[in-house]
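Spelled out from the first residue to the last, the chains are:
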Amino acid sequence: DAYVTRFSTELVPVMARHGAQLLGLWQTWRTNQLSAFWELEGYAALDRLDGAARSDEDLVGYTPRACEDRQGWTTRILNPTPFCPDLARIKAESLKGGVYMLAVIPLVPDRMEEYLQLFPKHGLRLEERYGLKTVGYWRGGGGEPYQTEAFTFTQLCAGESWAFWQDFFERRVRDPEVETWMKRSYAYRTHHQVSYLVPACLPY
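For the structure given in this document, a descriptive report is provided here. Note that the coordinates shown come from a computational prediction; the quantities given were computed from them, not determined experimentally. (Residues numbered from 1 in each chain as written. Predicted model: local features only at pLDDT ≥ 70, side-chain atom pairs only at ≥ 80, totals over all residues. Heavy atoms only, no water.)

Moving on, we come to helix α5 (residues 112-129). With 18 residues, α5 should cover 26 Å at 1.5 Å per step; its first-to-last C-alpha distance of 24 Å lies within 8% of that length. Of all the bends in α5, the largest measures some 60° and sits at F119, one to four residues before the proline P120. The set of residues buried in α5 consists of M112, Y115, L116, L118, F119, G123, L124, L126 and E127. Next to the buried residues of α5 lie β5 (133-140), β6 (152-159), α6 (162-172) and α7 (176-185). (Helix = DSSP H or I, 4+ residues; strand = E, 2+ residues; numbered from the N terminus. Expected span 1.5 Å × (residues − 1). Bend = angle between axes of the 7 residues up to and from the residue. Buried < 20%, exposed > 50% of the residue type's maximum accessible area, 1.4 Å probe, protein only. Contact = heavy atoms within 4.5 Å.)

In structure tokens form, the structure reads like this:
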């Protein structure tokens, strides 16, 4: 709780000063793991933020205090797909919930572009049919040490509650069009990892 308070009151305004807007901070259900998503305009903004991490006294001072509470951390660069909502749309359409699902989806490398074209027409459309709100759908940026993530999609979805998720899966499994799409999608991905998150700090 102390970490979340320090994060929201100290880090969020400093990051905003350097062009990084908070999408949200979430806690993975029943764990001590937190995930923060930030929106930047592009790689030039990321370079400026990198410089600020060494020159801005507030940001430099925040880091060692935060590290006292962390057991470790990982940073990843994600690139939005053409159908990924930006923060302005998320706020305008109130794309938020009480329980989120985070899916990490490895793709067959030479079929990734094809899947990127198919998913909005089939997977995303069918998810929206049953009330699922996609908050983010990103493509891995790759690069050292995350080369394999260049062939990975990350999807963040919002649901109102645990009851929503139970109802969502129960209704969707009875839809023959969903069954057809799921079988088809296995030609592009062999598995995916799913975790459930609850909001710790949402700026909207």
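Back to the text.
Counted by the stated rule, this structure contains 21 aromatic pairs. For the ring pair W165 and Y196, a centre distance of 5.7 Å and an interplane angle of 75° mean the geometry is edge-to-face. Within this pair, whereas W165 is found in helix α6, its partner Y196 is found in strand β7 (residues 193-201), the two being separated by 31 residues in sequence. You can call Y196 partly exposed: its relative accessible area is 23%. Stacked on the ring of W73, the Lys or Arg R70 has its end atom at 4.9 Å from the ring centre. Between the NZ or CZ atom of R111 and the centre of the ring of Y188, over which it lies, the distance is 4.2 Å. (Phe/Tyr/Trp six-rings, centres within 6.5 Å; stacked < 30°, edge-to-face > 60°. Lys NZ or Arg CZ within 6 Å of the ring centre and 35° of its normal.)

Moving on, we come to the nonpolar core. Of all hydrophobic cores here, the largest spans 25 residues; its most connected members are L107, Y115, F119, Y137, F153, W165 and W181. Sorting the residues of this core by element identifies β4 (99-106), α5, β6, α6 and α7 as the ones contributing at least two each. Broken down by element, the residue count for this core peaks at 7 residues, all from α5. Not counting residues up to four positions away in its chain, the partners in contact with Y137 are P80, T81, F83, C84, I105, Y115, F119, F153, T154 and Q155. Core analysis: the next-biggest nonpolar cluster, separate from the first, contains 16 residues, V4, A20, L22 and A66 among them. (Core = buried A, V, L, I, M, F, W, Y, C linked by side-chain atoms within 4.5 Å.)

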